[in-house]
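Now for the letters of each chain:
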Amino acid sequence: MRMVAFLLGTVALVAQPVWSGEPIEFKVQWLTIDANEGCDIGDLDGDGNLDVIAGRNWYRNGDWIARPVRTIEDERGYLHTNGDFLYDVNGDGRLDLIAGDYFTTQVYWYENVGGETLLQGYLWPKHLLVDTGFGSNEASYLHDLNGDGTPEWITNSWVATNPLIVWEMATEDRAVERKQGNKTVTETLTVPTLKRHFINEGGQGHGFGFGDINNDGRVDILTGTGWHEGPAGDLLTGQWTFHADWNKHLSDPVLVRDLNGDGRNDVIVGNPHDYGLFVWYAEGMGEDGKLQFREETVDKEFSQLHCIHLADIDGDGQDELITGKRVRAHNGNDPGGKEPPLMCYYDIDPKTGKFHKHMIEEGHVGIGLQIRTADIDADGDLDIVVAGKEGTQILYSQLKD
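If you're wondering where the values come from, they're calculated on a predicted model, not measured in any experiment. (Residues numbered from 1 in each chain as written. Predicted model: local features only at pLDDT ≥ 70, side-chain atom pairs only at ≥ 80, totals over all residues. Heavy atoms only, no water.)

**Let's talk about the overall build of the chain**
Worth spelling out the cut-off: Strands here mean DSSP runs of E at least two residues long; helices mean DSSP runs of H or I at least four residues long; both are numbered from the N terminus. Just to be clear, the radius of gyration here is over C-alpha atoms, and the globule rule we use is 2.2 Å times residues to the power 0.38. Only protein chains enter the calculation, and the probe is 1.4 Å; a residue is then buried if its accessible area is under 20% of its type maximum, exposed if over 50%, and partly exposed in between. Here a residue-residue contact requires only that any non-hydrogen atoms of the pair lie within 4.5 Å. For the area figures, the Shrake-Rupley method with a 1.4 Å probe applies, and any residue is considered shielded solely by the protein chains shown. When charges are tallied, Lys and Arg are placed among the positive residues and Asp and Glu among the negative ones, while His and the ends of the chain are skipped. By convention, the charge on Lys lies at NZ, on Arg at CZ, on Asp at CG and on Glu at CD.
Check the secondary structure of the chain and you find one helix and 31 strands. Here the chain has a C-alpha radius of gyration of 21 Å; the compact-globule value for 401 residues is 21 Å, and the two agree. In terms of overall dimensions, the chain has C-alpha extents of about 70 × 55 × 40 Å along its principal axes. Per-residue burial over the chain gives 54% buried out of 401 residues. Within the chain, contacts between residues at least 6 apart in sequence are counted, and of these 50% link residues at least 24 apart. For the chain, the computed accessible surface area is about 16700 Å², with 48% contributed by carbon and sulfur atoms. One way to put it: in the chain the 32 positive side-chain charges average out to a point 5 Å from where the 67 negative ones average out.

Here you go:
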C-alpha cells in the first residue's frame, strides 16, 4: 500500500461474508468531509498516476491534498452539482471537467490548464457548453450512445413530462468577451458546445439506464416511466419509440445485463428513496406485446440505493455489483434516511443470476450519486471512490496486497 503524506483518517476494514465466498478487505482513506455527491478518476496532472476529482476539489495522487477546481452553491440541502465527468473537451490532451446540476439549465465545463497553474490553487476557467432549457435534473451521463468513440451528454429528469434529449459534442462560433488592458473586447472564437438531438417528448422520470432490453441488438434507454426503443440506423437522428411499460422510482443508473446466461438481458434496480435492491429477470414478450419480467428481491436491509455500479473487484473475470446507502437523500426524510451509512458488494452467480452479499463498511462510509472504480494505487486490483454527504473517500482494495 502506498504511504501518503496526509490523511484525514485511515481505517482497515474487514468485510464479513453474509452468504458465501471470501470477502475482500478494504482500507478507507478520507479525502474531505462536505456535501458533494459526485466524483471521477483520471490523470489530471499528466504524471501517469490516477487522481480524484470530487465537487469543489481535485486530489493529486501521492499527497492527496485538496486543490480547488470550482465554487459550488448550496440550495435546499443540495449542492448545485449532481455528477462529475472527466473528458478532454477542447482536445488539448488534458482531462477537463463537465459537471451537471440539479436545478439550473446550463451545462458548464471547467478547463484543466495544466502545468504549475494546476498545482497552485487557481480555480479552473469556467465555460458554458450549452443552455439546455430544462432543469429538474436527477442525474446526467457522459455515455457513448452510438458507439462512435465520442460520448454524448444525456440527462435524466425527475419530471416525467420533460423531453428526453441527447446532446452531441460539437463546436460553434461564439462571441467571447476578454480583457485587453483596461478595455473589454469581444471576439469570435470557435468553442466547444453541445448539439441537440431530440429522442422523445416526455418519457422521463426518476431512474435511467442504457442497454438492449428487448434483445434486438440495439441499445435502448430505460427511465422511471418505461423504455425508449433504439431505432435501426443512426441513434442520434432515428425515430425512437417509447414504451410506457412501468411507472416506478428507479435508481440512477439502472443496469442491463444477462445475469443467468439465458440470452435475455435482465435489469438490476436499486430503490433510490426507500428500501431494496431488486432484479427484473427477463421472461420474453407477453401476449399484450409488452416485455415480461419476474421481479425478485435481492436485499431489503437498507435504504436509499440511489447508485449501483458493476466492476470486477475480485479479479475472477465476472463483475460484482457495488452499492450502498446514500447519506441524507431527501435531507434524511426517506424511509431509513437517518440510519447509518454502509457500502457492500454482491457476487453474481453467472449460471443462476443469484446475488451473494459482502459488506465493505458499516457506519461511516456511504454512497452519493456516483461510484467509480480504478486501480488507483497501481497494485493490480480495483479500488473504489465514492462521494456523499458524509464525505469523499478512496476505498483501497487489499486483494493483491
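Past the structure itself, the notes keep going.
**Comments concerning the environment of Asp40**
Rules: N or O atoms within 3.5 Å of each other form a polar contact, as long as, within protein, one can give a hydrogen and the other can take it, and as long as residues adjacent in sequence are counted only when both atoms are side-chain atoms.
As for its placement among the helices and strands, Asp40 is situated in strand 3 (residues 40-42). With 39 residues separating them in the primary sequence, Asp40 and Leu79 have C-alpha atoms 17 Å apart. In terms of polar contacts, Asp40 uses its side chain to reach the backbone amide nitrogen of Leu86, at 2.8 Å. At 3.4 Å, the side chain of Asp40 and the side chain of Arg372 are in polar contact.

**Side note on the side chain of Asn82**
Inspection of the secondary structure assignment puts Asn82 in the loop between strand 8 (78-79) and strand 9 (84-87). Of note is the side chain of Asn82, whose polar atom sits 3.1 Å from the backbone nitrogen of Asp101. Aside from chain neighbours lying at most four places away, what touches Asn82 is Gly100, Asp101, Tyr102, Asn137, Glu138, Ala139, Ser140 and Leu369.

**Observations concerning the nonpolar core**
Note the cut-off: In this text, buried Ala, Val, Leu, Ile, Met, Phe, Trp, Tyr and Cys residues form a nonpolar core when linked through side-chain atoms within 4.5 Å.
Judged by nonpolar contacts, the single largest core of 18 residues is most densely connected at Leu259, Ile268, Leu277, Leu321, Tyr346 and Phe355. Of all elements in the fold, only strand 23 (275-285), strand 24 (291-303), strand 27 (342-348) and strand 28 (355-362) reach the threshold of two or more residues within this core. No other element matches the four residues that strand 27 contributes to this core. In this structure, Cys307, Met343, Ile360 and Val365 belong to the second largest nonpolar core, which totals 17 residues.

**Quick look at the sheet that holds strand 4 (residues 51-54)**
Counted only if it meets this: When DSSP finds at least two bridges between two strands, those strands are taken to pair. All axes are obtained by fitting lines to C-alpha atoms, using only the stretch in contact for helices, and the reported angles, taken between N-to-C directions, cover 0 to 180 degrees.
The strand order across the open sheet built from four strands is 3-4-5-6, with neighbouring strands paired in antiparallel fashion. Unpaired on one side and paired on the other, strand 3 and strand 6 (66-68) mark the two borders of the sheet. Strand-to-strand, the axes of this sheet are offset by a mean angle of 30°, without reference to chain direction. Here three bridges tie strand 5 (residues 57-59) to strand 6, and the two strands are oriented antiparallel to one another. If you follow Tyr59 over to strand 6, its bridge partner there is Ala66.

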